[in-house]
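# Reading the structure
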Amino acid sequence: MEYKVLTAGILLFISLFSIRLSKKVQVPLLIMFLFIGILAGSEGIGGIYFDDAELTQQIGNFALLFILFSSALETKKSDALSSLYPSGILATLGVFLTTLFAAFFAFILTDFTPKEALLFGAIVSSTDAAAVVSVLGDSNLKKKVKTVIEIESGSNDPMAYALILFIISMFKTDGPSILGGIFFLIKQIVIGGALGVVFGKITLPIGKFLKIEREEFLTIHLIAFLFICFSLTSILGGNGFLAIYLMGILIGNERFSFKINSFRNMRVLSWLMQIMMFVLLGLLVFPSQLGKVMISGSILAILITIVSRTAVVFLLLEKFNYNLKEKLFISWAGLKGAVPIIFSTMAITEGLRKSQSMFNMVFYIVVFSVIIQGMTLKPLAKFFNLFEKEKDNGLTEINLEELEELSIKRLFVEKDSEYVNKAIKELTLPKSMHIISIRRGDKDIIPSGDVVLKVGDKILLSII
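Residues numbered from 1 in each chain as written. Predicted model: local features only at pLDDT ≥ 70, side-chain atom pairs only at ≥ 80, totals over all residues. Heavy atoms only, no water.

### Side note on helix 8 (residues 143-170)
- For helix 8, spanning 28 residues, the distance from its first C-alpha to its last is 41 Å, which sits close to the expected 40 Å at 1.5 Å a residue.
- Of all the bends in helix 8, the greatest, near 30°, is centred on N156, and the proline P158 appears no more than four residues after it.
- Of all 28 residues making up helix 8, 23 are buried, and the element is well covered by its neighbours. (Helix = DSSP H or I, 4+ residues; strand = E, 2+ residues; numbered from the N terminus. Expected span 1.5 Å × (residues − 1). Bend = angle between axes of the 7 residues up to and from the residue. Buried < 20%, exposed > 50% of the residue type's maximum accessible area, 1.4 Å probe, protein only.)

### So, the packing of aromatic side chains
- Within the structure shown, the criterion is met by 12 aromatic pairs.
- On the numbers, 5.7 Å between centres and 40° between planes, the contact of F62 with F227 is tilted. Of this pair, F62 sits in helix 3 (residues 53-73) while F227 is found in helix 10 (residues 215-235), placing the two residues 165 residues apart along the sequence.
- Residue class for F227 comes out partly exposed when judged on its relative accessible area of 32%.
- Among the aromatic residues, ring-to-ring pairing joins Y161, F230, F241 and F343 into one connected group.
- Here the guanidinium or amino end of K144 rests over the ring plane of Y322, the centre of that ring lying 5.0 Å away. (Phe/Tyr/Trp six-rings, centres within 6.5 Å; stacked < 30°, edge-to-face > 60°. Lys NZ or Arg CZ within 6 Å of the ring centre and 35° of its normal.)

### A look at the confidence of the model for the chain
- Overall, the predicted model of the chain reaches an average pLDDT of 84, with 90% of residues at or above 70.
- Contacts of residues 392-400 to residues separated by more than four positions or lying in other chains number 1 contact, the stretch itself having pLDDT below 50. (pLDDT = per-residue confidence, 0-100. Contact = heavy atoms within 4.5 Å.)

### Thoughts on the domain arrangement of the chain
- Domains assigned within the chain are domain 1 (1-384) and domain 2 (400-463).
- Domain 1 and domain 2 are separated by 44 Å when their C-alpha centres are compared. (Domains from an automatic or database assignment.)

### Digging into the packing of helix 5 (residues 84-109) against helix 6 (residues 114-123)
- Running from amino to carboxyl end, helix 5 crosses helix 6 at an angle of 135°, the nearest separation of the two axes being 7 Å. The orientation of helix 5 relative to helix 6 falls into the category oblique. The two elements helix 5 and helix 6 cross, and the hand of that crossing is right-handed. The segment helix 5 lies against helix 6, with T99, L100, A102, A103, A106 and F107 engaging P114, A117, L118, F120, G121 and A122.
- A breakdown of the residues in the contact of helix 5 with helix 6 according to their chemical character gives 10 nonpolar, 2 polar and no charged. (Axes fitted to C-alpha atoms, helices over the stretch in contact; angles between N-to-C directions. Parallel < 35°, antiparallel > 145°, perpendicular 65-115°, else oblique. Left-handed = near helix turned anticlockwise from the far one by under 90°. Nonpolar A, V, L, I, M, F, W, Y, C, P; charged D, E, K, R; others polar.)

### Things to note about helix 16 (residues 338-349)
- Look at helix 16: 17 Å from first C-alpha to last across 12 residues, which is about the 16 Å you get at 1.5 Å a residue.
- In terms of residue burial, helix 16 counts as a mostly covered element, since 10 of its 12 residues are buried.
- The complete set of buried residues in helix 16 reads A338, V339, P340, I341, I342, F343, S344, T345, M346 and A347.
- Buried residues belonging to helix 16 abut helix 3, helix 6, helix 8, helix 12 (259-284) and helix 17 (355-383).

What follows is the structure in structure tokens.
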């Protein structure tokens, strides 16, 4: 146990150290995490043998909960609505068309059967939110372009997941018919969408009813309902990933106490999950096996990530207000990431005949995509002049909610608090901290030095 914890700590530390190296060599951060896992693996200098695809899949799906939810929390409803149609079409019909294109190319270039090729196509059909966000970061890319890319990459995983579940069921003797498959996909979307909206509407009111007064407890409350929403949706036959994504968007656009800090807590968890997921995927792969798929994988990577993606984007965005440069950039921004690799482990756990070859091919295509597309994404945006001009008036836009949370803190005086029955002048507060108001029941008390604090008092503290 101790050695496993020590190994995990060392890998996390190395992953954090690689962030600085990533900036210097201009390599996408997620690839650095992946390479750390490879180097730590059985064929690297670490010598850690790991081949548990089922455990990887379970951990990967668990990590996706936090990654998708955190991304959804920070998606503004106005942005989502403004790009609802283009990003929605790319996330649904785009995934379906990409699956067909990728399946056709895979069937021609590999020894996959039609069903295996179709499964492979579905696995590589979605773009990855974590990869896209890590590359674009806080860049001042044109809003209408950046929004459609980020929302598409965050919302197309559920569609790909539903397709994969359906295609895997086709390998079984009692697999569904085409009509059954259509019903399955509709059921996934309808139940997932409905429960996502329901949980998005009830999570905060329930927290308010429980009178949650601390940001740590509110974060735990959000995580609890994240788990409940995903699992209940999946049990009822809906798409759990779609549900938590919609839930996150609705919650993220409400006003509530500790909002910014709750977002930050979820962001920390999301990054921790991303690091863990990519390092684990790096451990799972055997680099010596990638040589067998290098030629076919390179050709497939070009056909899928460039040719197919460009064709799909131009076809589906034809009626929307995007010029040639914007459509080319959106095409190039279709990065693959950890999600396709995690999805490919489903083929291994199902015991499909070509599952290991499929995993190796997907892994190679993801690395190809993140390195080639990821390293050139920002230079391409600059070449196409897609960055917004920075304001030179010296003013900085301030988020009012963030200002409130950073400047003002709430303190709830509990019965075991050291402040109970003490006058304000007796308190040893930092010089930068000042009490600006006290609420006792329904009354507001002016905080003079002689005021004695009581159990249940709510104190507003100003931090300078």
